[in-house]
Amino acid sequence: MSFQLPDLNYGFDSLEPHIDAKTMQIHHGKHHAGYTSKLNAAVEGTDLEGKSIEDLLSNLDLSNSAVRNNGGGYYNHCLFWEIMSPNGGGSPSGDLLSAIEKAFGSFDEFKAEFSKAAATRFGSGWAWLCAHSDGSLEICSTANQDNPIMNGIGCEGSPILGLDVWEHAYYLNYQNRRPDYINGFFNVIDWAKVGEKYNSSI
Ligand code: MN3
């Protein structure tokens, strides 16, 4: 079975004013759709066909740039849509909040460190919050469509929160103001969903 572009759980305009409808429409319907179809083309007829996306990426030969770029793009955007919500924002609670406080001191310190990782990623890429199986947390960033489940990327653990900092994710609304986009993102993070991902990763 081939990979399918997932539907969003909310309307294209639901994340406004933090992420505008036009950006969401193009990002999902053109960029993510493009990664999906190119990933399907890249695995078709090879021994990678039929594997889950997690299996594909965690065992990937990084010299396979078609699967690296498009498989990463497929996975990363699926996660990105999932951890945002029109009812998002605020701060986490429960075990995730405890883990954040343990790792970073406070939620505000976490926010500052994550925002810095996103702002200082040169060019295109992603910022991540990853959970390790012992419950500890790590912030990192990756270039292009790389992600922490690929081996040898310099970023480890299970990604539970990801922020797309490619210009296609924000340029229509924010132009060069990536830090404003990062701030806006914090208003749409679905912390309940991130908490679920944390609990199932440890
Ligand atoms: Mn993108």
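The structure we're discussing is the one just above.
These numbers were taken from a predicted model, which means no experiment stands behind them.

Analysis parameters
- Residues numbered from 1 in each chain as written.
- Predicted model: local features only at pLDDT ≥ 70, side-chain atom pairs only at ≥ 80, totals over all residues.
- Heavy atoms only, no water.
- Donors = N, O, S within 2.8 Å, 3.2 Å for Na, K, Ca; no water.
- Helix = DSSP H or I, 4+ residues; strand = E, 2+ residues; numbered from the N terminus.
- Buried < 20%, exposed > 50% of the residue type's maximum accessible area, 1.4 Å probe, protein only.
- Pairing = 2+ DSSP bridges.
- Polar contact = N/O pair within 3.5 Å; in protein donor to acceptor, adjacent residues only side chain to side chain.
- Contact = heavy atoms within 4.5 Å.
- Disulfide = S-S within 2.5 Å.
- Arc of directions from axis to C-beta.

Asks: Teacher, can you tell me more about the coordination of the manganese ion here?
Replies: Four donors placed tetrahedrally around a metal ideally meet at 109.5 degrees, and six donors placed octahedrally ideally meet at 90 or 180 degrees. Only H27 (NE2), H77 (NE2), D164 (OD) and H168 (NE2) from the protein reach the manganese ion as donors, at distances of 1.9 to 2.1 Å. Counting the intervening residues between successive donors of the manganese ion yields the motif H-x49-H-x86-D-x3-H. Here H27, found in helix α1 (residues 21–43), pairs with H168, found in the loop between β3 (158–164) and α6 (171–174); they are 141 residues apart in sequence, far enough to count as distant.

Asks: I keep staring at the pairing of β3 and nothing clicks. Help me out?
Replies: Every other side chain in a regular strand lies on the same face of the sheet, so the side chains alternate between the two faces. Summarising burial for β3: six of the seven residues are buried, a large majority. Here six bridges tie strand β1 (residues 125–131) to β3, and the two strands are oriented antiparallel to one another. By the bridge assignment for β3, A131 is matched with S158.

Asks: How should the side chain of N70 be read in this particular structure?
Replies: Here N70 lies in helix α3 (residues 65–82). Relative accessible area serves as the criterion here: at 12%, N70 is assigned to the buried category. One polar contact links the side chain of N70 to the main-chain carbonyl oxygen of A66, over a distance of 2.9 Å. In this structure, N70 is in contact with Y35, K38 and L39, ignoring residues within four places of it in sequence.

Asks: Would you mind going over the state of the cysteines with me for this structure?
Replies: Two cysteines whose sulfur atoms are joined by a covalent bond form what is called a disulfide. Going through the model one piece at a time under the given rule, you end up with one disulfide. Covalently, C140 is tied to C155 through a disulfide, its sulfur atoms 1.7 Å apart. Taking the sign of the S-S torsion, 85° for the link of C140 and C155, the bridge is right-handed. Here C155 lies in the loop between β2 (137–143) and β3 and C140 lies in strand β2, a separation of 15 residues in the sequence. Of the residues examined, C140 reaches a relative accessible area of 9% and is grouped as buried. Unpaired in this structure, C78 has its nearest cysteine sulfur neighbour in C130, at a distance of 17 Å. The exposure class assigned to C78 is partly exposed, which follows from its relative accessible area of 22%. Here C130 is not disulfide-linked; the sulfur of C140 is the nearest cysteine sulfur, at 4.2 Å.

Asks: Looking at this structure, how should I read helix α8 (residues 191–201)?
Replies: For α8, the full list of buried residues reads W191, V194, G195, K197, Y198 and S201. Looking straight down α8, one finds its buried side chains confined to an arc of 160°; they lie on one side. Within α8, the exposed residues directed more than 90 degrees away from the buried face are A192 and S200. Turning to α8, the residues buried within the fold contact α3, α4 (94–104), α5 (107–120), β1, β2 and β3.

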